[in-house]
Amino acid sequence: LKGNLIARVPHWKVLDGFDRMGIDIVAGGRVKKKERLAKTENPYVLLLCKLYKFLARRTDSKFNKVIYKRLNMSGRNRPPLSLSKVAKFMDGKDGKIAVVVGTVTDDKRVFEVPELKVCALRFTEAARARIVKAGGECITFDKLAMRSPLGKGTVLLRGPVKSREAERHFGKAPGVPNSTTAPYVRSKGRKFEK
């Protein structure tokens, strides 16, 4: 049947070659467009994803696109940020809102917390109490969308992604010259690998 069909097609169409032309792919292959979607079942986070997906599409704000992307990240990529780091990064940025897509935790090493406006997915009880006591404010992302739909007057912060204990063991093999990678050992001591 296939041979009969080719026989009926005019010869100039077969020789033309346009029907058999490949795709001009740049080195590195085709561009993948699949975005990462949140795997959480938390209805509040899923509603925030919906809200910021809308804002990212309907506004020209890069801020909204970044928030939408970070809301869809895994827990490992949404590390907590301590109150001391928030205070440090917000020094000299009066009146601005610190935005953290993750948890804000307390830091007992800081004795005086400045007045801060912080927006985060979650606050630990101690961190929330200290921010409020200092005359600051803890707000949620839906309130932030009402106050600053384009992200104006905000400072976008992020926790230390590479501070996990597991990250110490990644990299050049331990023992290789110029390697600072920690080996997997049962415990520290004279009888164990350093």
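What you see is a predicted model; the values in this text were computed from it and never measured.

S.K.: Tell me about the pattern of salt bridges, and please be specific about residues and values.
M.R.: Applying the stated criterion across every chain yields a total of 6 salt bridges. Three or more residues are tied together by salt bridges with common partners; here these are Lys 162, Arg 164 and Glu 167.

S.K.: An account of the pairing of strand β3 (residues 117-123) is requested, with residue identities and associated values reported.
M.R.: As paired strands, strand β2 (residues 97-105) and β3 are joined by 6 bridges and run parallel to one another. Looking at β3, one finds that Val 99 is bridged to Cys 119. With 3 bridges joining them, β3 and strand β4 (residues 137-139) adopt parallel strand pairing. Looking across to β4, one finds that Val 118 is bridged to Cys 138. On the question of chirality, the crossover connecting β3 to the parallel β4 by way of helix α6 (residues 125-133) is right-handed.

S.K.: Can you tell me about the environment of Lys 62, naming the residues and giving the values?
M.R.: Among the structural elements, Lys 62 can be located in helix α4 (residues 62-71). In the structure, Lys 62 is positioned 89 residues away from Gly 151 in sequence and 8.6 Å away in space, judged by C-alpha atoms.

S.K.: Could you give me a rundown of the environment of Arg 128, with the residues and numbers involved?
M.R.: With respect to the secondary-structure elements, Arg 128 resides in helix α6. Residue class for Arg 128 comes out partly exposed when judged on its relative accessible area of 40%. C-alpha separation for the pair Arg 128 and Leu 83, spaced 45 residues apart in sequence, amounts to 9.7 Å. Non-local contacts of Arg 128, meaning those with residues more than four positions away in its chain, are made with Phe 123 and Cys 138.

S.K.: Lay out the nonpolar core with the relevant residues and their values.
M.R.: Core analysis: the biggest nonpolar cluster contains 18 residues, and Tyr 52, Ile 67, Leu 71, Val 99, Cys 119, Phe 141 and Leu 144 have the highest contact counts within it. Contributing elements (two or more residues each) for this core: α3 (43-58), α4, β2 and α7 (141-147). The leading source of residues in this core is α3, at 5 residues. Discounting residues that sit within four places of it in the chain, Cys 119 has contacts with Ile 97, Ala 98, Val 99, Val 100, Ile 139, Thr 140, Phe 141 and Leu 144. The next biggest cluster of nonpolar side chains, apart from the first, holds 17 residues, and it includes Ala 98, Val 104, Val 118 and Ile 131.

S.K.: Describe unusual backbone geometry, with residues and values.
M.R.: Backbone geometry at Asn 178 places phi at a positive 65°, although glycine is not the residue there. Along the chain, Asn 178 turns up in the segment after β5 (154-157).

S.K.: Any chance you could break down the packing of aromatic side chains for me, citing the residues and the numbers?
M.R.: Throughout the structure, instances matching the rule amount to 1 aromatic pair. Taking 6.1 Å as the distance between ring centres and 85° as the angle between the ring planes, the aromatic pair formed by Tyr 52 and Phe 141 counts as edge-to-face. Of this pair, Tyr 52 sits in helix α3 while Phe 141 sits in helix α7, placing them 89 residues apart in sequence. A relative accessible area of 1% means that Tyr 52 is categorised as buried. On the basis of relative accessible area, Phe 141 is assigned to the buried category, the value being 1%.

S.K.: Any chance you could break down the packing of α3 against α4 for me, citing the residues and the numbers?
M.R.: Where α3 contacts α4, the two axes come as close as 8 Å, and the packing angle between them is 150°. The angle between α3 and α4 falls in the class roughly antiparallel. Every pair of crossing elements has a handedness; the one defined by α3 and α4 is left-handed. Contacts between α3 and α4 involve Val 45, Leu 48, Cys 49, Tyr 52, Lys 53, Leu 55 and Ala 56 on the former and, on the latter, Asn 64, Lys 65, Ile 67, Tyr 68 and Leu 71. Residues belonging to the contact of α3 with α4 are distributed by class as follows: 9 nonpolar, 1 polar and 2 charged.

S.K.: I'd like a description of α4, backed by residues and values.
M.R.: Since there are 3.6 residues in each turn of an α-helix, residues three or four apart along the chain are aligned in direction. Of the positions making up α4, those classed as buried are Phe 63, Asn 64, Ile 67, Tyr 68, Arg 70 and Leu 71. Buried residues of α4 fall within an arc of 165° about the axis and therefore sit on the same side. Seen from the buried face of α4, the exposed residues on the opposite side, beyond 90 degrees, are Lys 62 and Lys 69. Packing partners of the buried residues in α4 comprise α3, β2, β3, α7 and β5. The N-cap of α4, judged by a side-chain oxygen 3.3 Å from the amide nitrogen of Phe 63 a few residues on, is Ser 61.

How each quantity is defined
Residues numbered from 1 in each chain as written. Predicted model: local features only at pLDDT ≥ 70, side-chain atom pairs only at ≥ 80, totals over all residues. Heavy atoms only, no water. Salt bridge = Lys/Arg side-chain N within 4 Å of Asp/Glu carboxyl O. Pairing = 2+ DSSP bridges. Helix = DSSP H or I, 4+ residues; strand = E, 2+ residues; numbered from the N terminus. Right-handed = clockwise from strand over helix to strand, strands pointing away. Buried < 20%, exposed > 50% of the residue type's maximum accessible area, 1.4 Å probe, protein only. Contact = heavy atoms within 4.5 Å. Core = buried A, V, L, I, M, F, W, Y, C linked by side-chain atoms within 4.5 Å. Phe/Tyr/Trp six-rings, centres within 6.5 Å; stacked < 30°, edge-to-face > 60°. Axes fitted to C-alpha atoms, helices over the stretch in contact; angles between N-to-C directions. Parallel < 35°, antiparallel > 145°, perpendicular 65-115°, else oblique. Left-handed = near helix turned anticlockwise from the far one by under 90°. Nonpolar A, V, L, I, M, F, W, Y, C, P; charged D, E, K, R; others polar. Arc of directions from axis to C-beta. Polar contact = N/O pair within 3.5 Å; in protein donor to acceptor, adjacent residues only side chain to side chain.

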